[in-house]
Every structure is written in C-alpha cells, then in structure tokens.
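Next come the chains, spelled out residue by residue.
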Amino acid sequence: MELRSIVELFEKVGARCRKLRRKPIYECWKNGVKATILPRNIVIRSEGEFRLEYSDFTPEGYWYEKDFFDDLKEAIGAKSAYLDFPSASSADIVLEFDPNKAEKAAMVFKKMAEHEMWAAVTNIRGELRLYKNGKPISADEWLKVLKEQ
C-alpha cells in the first residue's frame, strides 16, 4: 500500500497528519496517540506515565508487562507490542504494524484516541495499570475495546 493511501486512512479516522521534510515519513496524532508512518512500518504510540513515587495498584485484574503485551499483539494483529520509556516520567505503549495491515492499524489508532486509552507503570513493583476515558479498567476490557470491529 502506498504511504499517502495509509495516511489518508488515518486522516479518515480523525488524525491530523504531516510529512517530514525530505523524508518518506508521516506523523499523525490525535488525543495523546501518535502514529509514525514509514515505508516498511506503522508505529502507534500511546503516551502514558511512569510513576516514580510509590503507588499501590491492586494487581487483581491487571497483568504484568510480558503477558499483557503478548496478548495485546495477538489480539490486534500487530507485528510487535511493547512498553517504551522515552523520558523519566513517561511509559508509552508502542504498537508496530506492517503496512499491509494499515486498515487495522488505523482502527486501533482511532479506538485508542477516541477512548483516551493509555497506561501507567510504577517503578516500585513494575505494575501496569490501564486507563480508558480517564478511569482504570481491567486488561480484559482494554483488549476487548481494541478487538471490536
């Protein structure tokens, strides 16, 4: 699929996009969710929090990192799904898709942006807490929202 066609899919779901100068790369964004569209990859990033202070999350209903990201990758058909720490206070969920799965990537982007889906991680226990519309939800519910067509 051509890059411009992929960008148009993202614009149809409400993203604002721009092309980087002299590079075959587009950046799209909406409500704290960003997508970078490259010739061989689509990368979706949901900005989250890395909480330095102690926060006692209840582990019930929340999965630890590895299990959750394996299940997330499988549920949405992504090439990879992982947690990235771009700064001392950020913990972003990163999803990578092949360009031939651009429609699926655009739908996942749309759902994450519309429902303001993001994560918070503590440095004490390494617990992962998932949020939708400003409220913590279970991992099962989070995945269910992304799976729905």
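Use the structure listed above.
Predicted, not measured: the structure shown is a model, and the values here were computed from it.

Trainee: Help me understand a negative patch on the surface, please; the structure alone is not making it clear to me.
Mentor: Taken together, the side chains of Asp-67, Asp-71, Glu-74 and Asp-140 present a region of like negative charge at the surface. Ranked by residue count, the leading element in the negative patch is helix 2 (residues 65–76), at three residues. When its relative accessible area of 49% is taken as the criterion, Asp-67 is described as partly exposed.

Trainee: Sorry if this is basic, but what is going on with the sheet that holds strand 5 (residues 49–51) here?
Mentor: In a beta sheet, neighbouring strands are held together by backbone hydrogen bonds and run either parallel or antiparallel to one another. Pairing in this open sheet of four strands is mixed, and the strands run 5-8-9-10 from one edge to the other. If you trace the sheet from one side to the other, it starts and ends with strand 5 and strand 10 (135–137), each paired once. Neighbour-to-neighbour, the strand axes of this sheet turn through a mean angle of 35°, independent of strand direction. Alignment of strand 8 (residues 118–122) against strand 9 (residues 128–132), held across four bridges, turns out to be antiparallel. Bridge pairing in strand 9 places Trp-118 opposite Tyr-131. Against the sheet, helix 4 (residues 139–147) engages strand 8, strand 9 and strand 10, with an angle of about 45° to strand 9.

Trainee: So what exactly am I meant to see when it comes to helix 4 here?
Mentor: Every α-helical turn comprises 3.6 residues, leaving residues that sit three or four positions apart pointing alike. When we look at burial in helix 4, the residues that qualify are Ala-139, Trp-142, Leu-143, Val-145 and Leu-146. Take helix 4 and look down its axis: the buried residues cluster within an arc of 155°, on one side only. More than 90 degrees from the buried face of helix 4, the exposed residues found are Asp-140 and Lys-144.

Trainee: In this structure, what is going on with the state of the cysteines? I would like to understand it.
Mentor: Among covalent bonds in proteins, the disulfide is the one between the sulfur atoms of two cysteines. A full pass over the atoms with the stated rule returns one disulfide. Each disulfide pairs two cysteine sulfurs, and for Cys-17 the partner residue is Cys-28, the sulfurs being separated by 2.1 Å. Handedness here is read from the sign of the S-S torsion; for Cys-17 and Cys-28, about 110°, the answer is right-handed. One end of the pair, Cys-17, is in strand 1 (residues 16–19); the other, Cys-28, is in strand 2 (residues 26–30), with eleven residues separating them in the sequence. Cys-28 carries the same exposure label as Cys-17, and that label is buried.

Trainee: Help me understand the environment of Phe-69 in this model?
Mentor: Relative to the helices and strands, Phe-69 resides in helix 2. Sequence-wise, Phe-69 and Ile-93 are 24 residues apart; in three dimensions their C-alpha atoms are separated by 9.0 Å. Residue contacts for Phe-69: discarding those within four places in its chain leaves Ala-81, Tyr-82, Leu-83, Ile-93 and Leu-128.

Trainee: What am I meant to see in the packing of helix 3 (residues 102–114) against helix 4 here?
Mentor: Packed helix pairs are characterised by how far apart their axes lie and by the angle those axes make with each other. Running from amino to carboxyl end, helix 3 crosses helix 4 at an angle of 130°, the nearest separation of the two axes being 9 Å. Accordingly, the angle class assigned to the pair helix 3 and helix 4 is oblique. On the side of helix 3, the interface is formed by Lys-104, Val-108, Lys-111 and Met-112, while helix 4 contributes Trp-142, Val-145, Leu-146 and Lys-147. Grouping the amino acids of the contact of helix 3 with helix 4 by side-chain chemistry returns five nonpolar, no polar and three charged.

The rules we used
- Residues numbered from 1 in each chain as written.
- Predicted model: local features only at pLDDT ≥ 70, side-chain atom pairs only at ≥ 80, totals over all residues.
- Heavy atoms only, no water.
- Patch = residues over 30% accessible without salt bridge, like charges linked within 9 Å, V, L, I, M, F, W, Y side chains within 5 Å.
- Areas by Shrake-Rupley, 256 points an atom, 1.4 Å probe, with all protein chains shown as cover.
- Salt bridge = Lys/Arg side-chain N within 4 Å of Asp/Glu carboxyl O.
- Lys, Arg positive; Asp, Glu negative; His and termini not counted.
- Charge placed at Lys NZ, Arg CZ, Asp CG, Glu CD.
- Helix = DSSP H or I, 4+ residues; strand = E, 2+ residues; numbered from the N terminus.
- Buried < 20%, exposed > 50% of the residue type's maximum accessible area, 1.4 Å probe, protein only.
- Pairing = 2+ DSSP bridges.
- Axes fitted to C-alpha atoms, helices over the stretch in contact; angles between N-to-C directions.
- Contact = heavy atoms within 4.5 Å.
- Arc of directions from axis to C-beta.
- Disulfide = S-S within 2.5 Å.
- Parallel < 35°, antiparallel > 145°, perpendicular 65-115°, else oblique.
- Nonpolar A, V, L, I, M, F, W, Y, C, P; charged D, E, K, R; others polar.

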